[in-house]
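Below are the chains, spelled out letter by letter.
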Protein chains: 2
Amino acid sequence: MRITSSLPDNGVLFTVDDVPGALWTPAGGTGPLVLVGHGGGQHRTAPGMAARVRRFTEAGFAVAVVDAPNHGDRPKDPELSRLAESIPARVAAGESRSALVAELHGLASRRSVPEWRAVLDALHAHLGPVPVGYWGVSMGCGLGVPFVAAEPRVRAAVLGLAPLHSGGGAAAGVTVPVRFLVQWHDELVPREESLALFDALGSTDKTLHANVGGHGEVPVAEVTSGLRFLDRHLRA
Amino acid sequence: MRITSSLPDNGVLFTVDDVPGALWTPAGGTGPLVLVGHGGGQHRTAPGMAARVRRFTEAGFAVAVVDAPNHGDRPKDPELSRLAESIPARVAAGESRSALVAELHGLASRRSVPEWRAVLDALHAHLGPVPVGYWGVSMGCGLGVPFVAAEPRVRAAVLGLAPLHSGGGAAAGVTVPVRFLVQWHDELVPREESLALFDALGSTDKTLHANVGGHGEVPVAEVTSGLRFLDRHLRA
């Protein structure tokens, strides 16, 4: 893990191999670690990211955000770019947008899963073996489902805003406690596909929270509540 | 309002006209009032009711439970009894259990709605004009939906574990903030009918919480969380 520069609010930018990430630690030094999988089009230092992760550090968590493949400071990946750019025309031609997005996330997760596991090795070496949770909705859920299924160090996860096939069939492999967010009027994810992903998760301890509004309108109260959920499971 | 006897934990039994109820007040004297609509087969002094309502009084609420028509200390109602008793055979003959139960709740609510409104008048005369919330799942939701729709003094409600037609078409008339509970493996209420009732509620501020398990397995954490929800809306 190579620390490349510092950020406000106890933050640093880092790379692990060629993967860029950012880490913020709470005022108390360290605490349980939450890995955040950002949404599509976002990245580790996107506008507003620092403000968003500040809720986590103020709740006593260390929080790390890693640029997903083809996002942020990463080089463009021709295969992912080609698939992403083909989506509007294929949707116009009648293909299912959520199936195409799930295909894109499936392809991206073949890289992101081993990358995030390596980042977690490095963060554990840096912070000590702190308990680990995962937070990712939308693309962060599409890439998060196969990651949480593959990574036994993740003890609890906040997921959601993604359709059944997001996660490439790994949902049944997620067995840790999950808080799953649904936006009842999500214009990007059909409601029944979102409910089907929740249903497919292998966890016996899972709770779905659905709120009115569109994809980008998750109420702030769900962030507070999700942090309480992670706190309960990571400090137990 | 006639107080007929006292109960442990600052409780009293009362009647309003011929309707029997129970009221518990918090240690501090009074607080916002939660009307609880009990489930089918339950009543104001059913085993465990005092322990359940203690969570409410410990959170600072006054809490009242009224025996629903044909329940508890109320005389048997021939029409409701006949309908209730016909359900097993009609389900065996292929009718939808949830539609029949919704029909039963619709019939009972023609009485319970005006009764509960009169009880609320009496409780407000007794306690002062404290803010009012409603808590009712299963039959308490079936009778609660038309009550909350009809009663403008109710400012927020916890509902759930009931199918679309429970509430007799009054769902769109519910416009206050709602927390709606779903049990993902509810053996009595088909999942899609439960989701359809949430969808039909007229409230713009409504949140669905779904947990794994059967009709009777709502996690205790949802009670705590529901009380926080009511607290937020009734003390605002």
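Higher on the page you've got the structure.
Just so it is clear, the model here is predicted, and its values are computed rather than measured.

Enquirer: What exactly am I supposed to notice about the interface of chain A and chain B here?
Expert: The extent of an interface is frequently quoted as the accessible surface area lost upon association of the parts. The interface of chain A with chain B comprises 15 residues on the first partner and 15 residues on the second. Counting the surface lost from both chain A and chain B, the interface buries some 1,400 Å², and carbon and sulfur atoms represent 56% of this. For the interface between chain A and chain B, the tally reads two salt bridges. Taken together, chain A and chain B are joined by nine residue pairs in polar contact (both at pLDDT 80 or more). Secondary-structure elements contributing two or more residues to the side of chain A that touches chain B are α6 (191–200), β9 (206–211) and α7 (220–234) of chain A. With six residues, the single largest contributor to the side of chain A that touches chain B is β9(A). Of the residues belonging to the side of chain A that touches chain B, the class tally is six nonpolar, four polar and five charged.

Enquirer: Honestly, the relation of the copies chain A and chain B in this entry has me stumped. Any pointers?
Expert: Superposing chain A onto chain B takes a rotation of 180° plus a shift of 0.0 Å along the axis, which leaves an RMSD of 0.0 Å. On this basis, the relationship between the two copies can be described by a two-fold rotation axis. Residue A:His209, judged by its C-alpha, is the member of chain A lying nearest the rotation axis, at 2.3 Å.

Enquirer: Even after reading the chapter, I still don't get unusual backbone geometry, so can you show me in this structure?
Expert: Where the residue is not glycine, phi is negative for most of them; where a peptide bond is considered, it is trans in most cases. The phi dihedral of A:Ser138 is positive, around 60°, even though this residue is not glycine. Tracing the sequence through the fold places A:Ser138 in the loop between β6 (132–136) and α4 (139–142). Since its relative accessible area comes to 19%, A:Ser138 is described here as buried. Phi is positive for B:Leu161, which is not a glycine, with a value near 55°. Note that B:Leu161 resides in the loop between β7 (154–160) and β8 (178–183).

Analysis parameters
- Residues numbered from 1 in each chain as written.
- Chains lettered and ligands numbered in written order.
- Predicted model: local features only at pLDDT ≥ 70, side-chain atom pairs only at ≥ 80, totals over all residues.
- Heavy atoms only, no water.
- Contact = heavy atoms within 4.5 Å.
- Buried area = accessible area lost by both parts, 1.4 Å probe.
- Salt bridge = Lys/Arg side-chain N within 4 Å of Asp/Glu carboxyl O.
- Polar contact = N/O pair within 3.5 Å; in protein donor to acceptor, adjacent residues only side chain to side chain.
- Helix = DSSP H or I, 4+ residues; strand = E, 2+ residues; numbered from the N terminus.
- Nonpolar A, V, L, I, M, F, W, Y, C, P; charged D, E, K, R; others polar.
- Least-squares fit on C-alpha atoms with pLDDT ≥ 70 in both.
- Buried < 20%, exposed > 50% of the residue type's maximum accessible area, 1.4 Å probe, protein only.

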